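Residue-level listing of the chains:
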Amino acid sequence: MTYRWLAAMGLLTLGACSNPSGDDGAQTAEEASAESAAADGQTVYTIMTSGTKIGDMVVDRAGNEITVDYEYRNNGRGPTIAEEIMLNEDGVPIAWSVTGNTTFGNAVDESYSDEDGAASWTDSTGPGDADITEPSVYIAQSGTPYALAIYAGALLGDDDMTMPALPAGTLSMKEIESFDVESADGAVEATAYALIGPELDPTYFLMDAEGDDYLALMTPEFLIVQEGLEANDEMLRQKAVDYSTQRFEDLQAEHARNFDGPVRITNVRLFEPGSDMLSKPSSVVIEDDRITAIEASDASAEGEYVIDGNGGTLIPGLSDMHGHMGQNSALLNVMAGVTFVRDMGNDNEVLSELIGKIDAGTLAGPRIVRSSFIEGKSPYNSNNGIIVTNQEEANEAVRTSCAAGDFFQIKIYNSMKSEWVPEMVDIAHECGLRVAGHVPAFSRANTMIEAGYDELTHINQVMLGWVLEDEEDTRTLLRLTALSRLPDVDLDSPQVQETLDLMVANDVSIDPTLAIHEALLLSRNGETRAGVADYIDHMPVGVQRGSKQAWSNIETPEDDAAYAGAFDQIVETLSKMREAGIMIWFGTDMGGAFNQHREMELYQDVGFTPAEILTRATQEAADYLGMGDEIGSIEAGKKADFFLVPGNPLDDLAAIKTVQLVMKDGTAYFPTDIYPAFGIEPFTNAPDVVAPEAAQDGE
């Protein structure tokens, strides 16, 4: 995950820097004044996703004063942020304010000041202060991507491009390469850098050759680029892919353990899907990518590598049934024991490349089952997948998906015309594809069930049908904010029962994405979000601060009560669905990994036991996706996809969060060794691996 404002497309984290005047490496006042005069005026940046313009960032500079207006709309939502920055004579910010709203509506009112080395700030977590005794960089909780230019100015003036960060940690830059970008006036020399610091992954950005002019922010799908340089979009986004790929290929080469002989994991108990208890103490033998035997705990054979499970639990690899997989999240999913993911819509070419690298063993990642994302054209449409404008184009998109031969299902999205759906469903079913998706705008879940949906995506998509007026448009943020009306719904009413009855009668399952609704409805400014509370202190400081930021705009006690009550209604609705026998799949829409653990944990409140949750997330999910003969349980002949934890998850499901060892396709990973590369403090020790010769010698 890159900075949160990239991962969430608007949950911003970049901010200002601070540096007391007179430090070594600082510009002279004359140099700063000359650069300031040269930079005076307005610079416009184009915000693009997958090649489509979605907004602008406008930067105005007058001497030492800078203002930034940042706004975009993608998929009917996006941030609106304004910044005001004051620099001192050395070009270092001494005042910075950030106001506006994040992607999901949370109000931002943040400020920072540096008065003669006394730094103070206020963000959603409350006030903070520090006395600065050496050059330091303040990392704001919310801000615009223009902060990269501020960081670059500070770090390029430092000998090793590294500074202490406030409130904690460090911030550094690493030069990657130089190359030309094309403009209307000819080639522009540019240098790419990685910004490394308070988040899990580096941020890649572009400066001019002199380091004075901020040219672009680069990610695989999201690009912010100076006006006039848009023609470089595809090349710059590919650069971001390449830089990230190299990082993860290096991690794979350094940390993946592929054994040249059989591996025996001893002294473990196995979770057997469908069982309410663990197996007796056992040992599991793996050769290449397969489990070859389940034997007594103390069994042994010559020529084996031995890993002592120390009485822990071996669990089949977990599923995330609602992912949008990228290589940044691929490795972290595996580290969390998530070894297979249903991707619910992606850039097909990028996803194909990722799957190829995972299959080839150059990148770590889960098995990926693909969905073909089909969306209708509108002012609010998502810019992913296949965009259609009429019935025939919609039908042809389904035929194309059928012909591709590598999709599990089609996924229908918000801007699709509901009247086009029945024909799309018929074509999909004829070629063996399932149909899942959102409820198109101005329609209701009941209509999509009757049209032939096999699965509904997101619990809000179902429940909004009980509270919306006919003319209300769910292509906007309303599909989230209208959840505040849910406390007024009588869950025993005929309209609710009708929807549940239709789901049962038509064998329609649901992918509720419960954890993201918890974050949306229950996160509050200044309070650590419940979903991360038991591991957040192991995360980088930027992630920790983000965990105390609300997602929704909650301004009054009435708002607070309405959103909290909405989540209670969601949990109660899912309990009714479970009691009715409706199949519920566990997926996050939040990148999986640690969030998948929380997704599963929440279903205890719905009425599932830990054993039922683990069974649903392993064998039942694998069966549904057509892979149950290969994965889903720990049995001889199946793929070696599982993970080891010290505790007993049937006694306490939270035990799945403490992962000592993961095997995927017989390749072993020890999270303790890998997490520091992400700035994560490990949760437990790695088990010892004893080589065959040592085992024979009794070591």
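Residues numbered from 1 in each chain as written. Predicted model: local features only at pLDDT ≥ 70, side-chain atom pairs only at ≥ 80, totals over all residues. Heavy atoms only, no water.

Caption draft 1: Region of interest: the packing of aromatic side chains. According to the stated counting rule, one finds 22 aromatic pairs in the structure shown. Relative to Y305, the ring of F259 has its centre 5.0 Å away and its plane inclined at 55 degrees; by these criteria the two rings are tilted. One end of the pair, F259, is in the loop between α4 (233–255) and β16 (263–270); the other, Y305, is in strand β19 (residues 305–316), and 46 residues separate them in sequence. Assessed through its relative accessible area of 15%, F259 is described here as buried. Plain terms: the ring middles of F408 and Y624 are 5.6 Å apart, the flat faces sit at 65 degrees to each other, and that makes the pair edge-to-face. Highlighted residues: F408 in strand β24 (residues 407–412) and Y624 in helix α17 (residues 610–624), separated in sequence by 216 residues. Chaining the aromatic ring pairs together yields one cluster made of Y535, F594, Y675 and F683. The aromatic ring of F179 is capped on one face by K239, whose charged end is 4.4 Å from the ring centroid. In this structure, R247 is placed above the aromatic ring of F248, and the distance from its NZ or CZ to the ring centre is 5.2 Å. (Phe/Tyr/Trp six-rings, centres within 6.5 Å; stacked < 30°, edge-to-face > 60°. Helix = DSSP H or I, 4+ residues; strand = E, 2+ residues; numbered from the N terminus. Buried < 20%, exposed > 50% of the residue type's maximum accessible area, 1.4 Å probe, protein only. Lys NZ or Arg CZ within 6 Å of the ring centre and 35° of its normal.)

Caption draft 2: The arrangement of the pattern of salt bridges in detail. In this structure the tally under the stated criterion is 32 salt bridges. Residue R370 is joined to D406 by a salt bridge in which the shortest nitrogen-to-oxygen separation is 3.1 Å. Of this pair, R370 sits in strand β22 (residues 367–376) while D406 sits in the loop between α7 (391–404) and β24, and the two are 36 residues apart along the sequence. Of the charged contacts, one joins R485 and E472 as a salt bridge, the two residues approaching to 2.8 Å between their closest N and O atoms. (Salt bridge = Lys/Arg side-chain N within 4 Å of Asp/Glu carboxyl O.)

Caption draft 3: Region of interest: the environment of F104. With respect to the helices, strands and loops of the structure, F104 is situated in the loop between β5 (93–101) and β6 (107–115). In this structure, the C-alpha to C-alpha distance between F104 and G63, residues 41 residues apart in sequence, is 34 Å.

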